Amino acid sequence: MRKTIVAGNWKMNGTSESIRDLLAGLTAGAKDSAGVITLVCPPAVYISQVKQWLGSAPISVGAQNVCEQPKGAFTGENSLAMLQDLGCEYVILGHSERRSLFGETDLLVAEKFAAAKEAGIVPVLCVGETLGQREAGQTIEVVGAQVAAVIDRVGINGLSDAVIAYEPVWAIGTGLTATPEQAQEVHAAIRKQLAQNDEVIAEQLSILYGGSMNAGNAAELLAQTDIDGGLIGGASLKADEFLTICAAAADSRK
Ligand code: 13P
């Protein structure tokens, strides 16, 4: 059975104080459920502190982005070696906010993906269509091209042990959620695309849904055959809400 992953993308939110409160809530309620990975992705400057505060709690830590270059004159960037140094196990790549606000292209995201794999940090590759693309009937094509760019760069074997997150851009931070059927359709298409290259990798790869997932809608999304977890923004900043989603993820495996 595939791993179920509930990942919190905190984006550019939090202070030492608010993060300490959030982690106190999470560590008090986090449960070690077989097959379920709970992951938090704080802003990079807090990763070290978060690792320390988490202690032995069953919660993994990831970054929200990384530079594809190994080191050098890249002001403001963080390298994979730095993330390794801090004990980061995962890195979110190609989030739609990175693509739309910071000009990250499919090619750059594929370079980052390749570098993360080489460093042994699990890439969480984000893909998703805009509202205009969905209305123009281009969803599968757009998402397929985003996945294909990575397969072209690293080969299908490069996707073994990786994670994909389908995040429709129109559902991010808007309160609009893809219906379970809409999400399932895209997740199944991604898995089919992977299976055309390697059926085993397609079957074992976890595909998360992101976009206004919350305590109220998580269970029905997670019940879909090809939805293996969530990448959660706003609702990951509230311990109770995030823990409810984690509980729904554990239930979805029963
Ligand atoms: P929201 O859950 O706030 O819609 O954000 C989703 C997201 O972008 C996670 O990466």
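Caption draft 1: Representation of the pattern of salt bridges in the model. As enumerated under the stated definition, the model contains 12 salt bridges in all. We note a salt bridge from Arg-98 to Glu-104, for which the minimum N-O separation is 3.0 Å. Overall, Arg-98 belongs to the partly exposed group, its relative accessible area being 21%. The exposure class of Glu-104 is buried, given its relative accessible area of 6%. In this structure, the salt-bridge partner of Arg-153 is Glu-111, at a minimum N-O distance of 2.8 Å. Of this pair, Arg-153 sits in helix 7 (residues 139–154) while Glu-111 sits in helix 5 (residues 106–119), and the two are 42 residues apart along the sequence. Under the relative-accessibility criterion, Arg-153 is labelled partly exposed at 39%. A single network of salt bridges, built from pairs that share partners, joins Arg-2, Arg-191, Glu-203, Asp-226 and Asp-228.

Caption draft 2: Summary view of the sheet that holds strand 8 (residues 229–232). A barrel is described by the order of its strands in space; here eight strands give the closed sequence 1-2-3-4-5-6-7-8, paired in parallel fashion. Each strand axis lies, on average, 25° off the axis of its neighbour in the sheet, ignoring direction.

The rules behind the values
Residues numbered from 1 in each chain as written. Predicted model: local features only at pLDDT ≥ 70, side-chain atom pairs only at ≥ 80, totals over all residues. Heavy atoms only, no water. Salt bridge = Lys/Arg side-chain N within 4 Å of Asp/Glu carboxyl O. Buried < 20%, exposed > 50% of the residue type's maximum accessible area, 1.4 Å probe, protein only. Helix = DSSP H or I, 4+ residues; strand = E, 2+ residues; numbered from the N terminus. Pairing = 2+ DSSP bridges. Axes fitted to C-alpha atoms, helices over the stretch in contact; angles between N-to-C directions.

Don't take any of this as a statement about function, it's just geometry.
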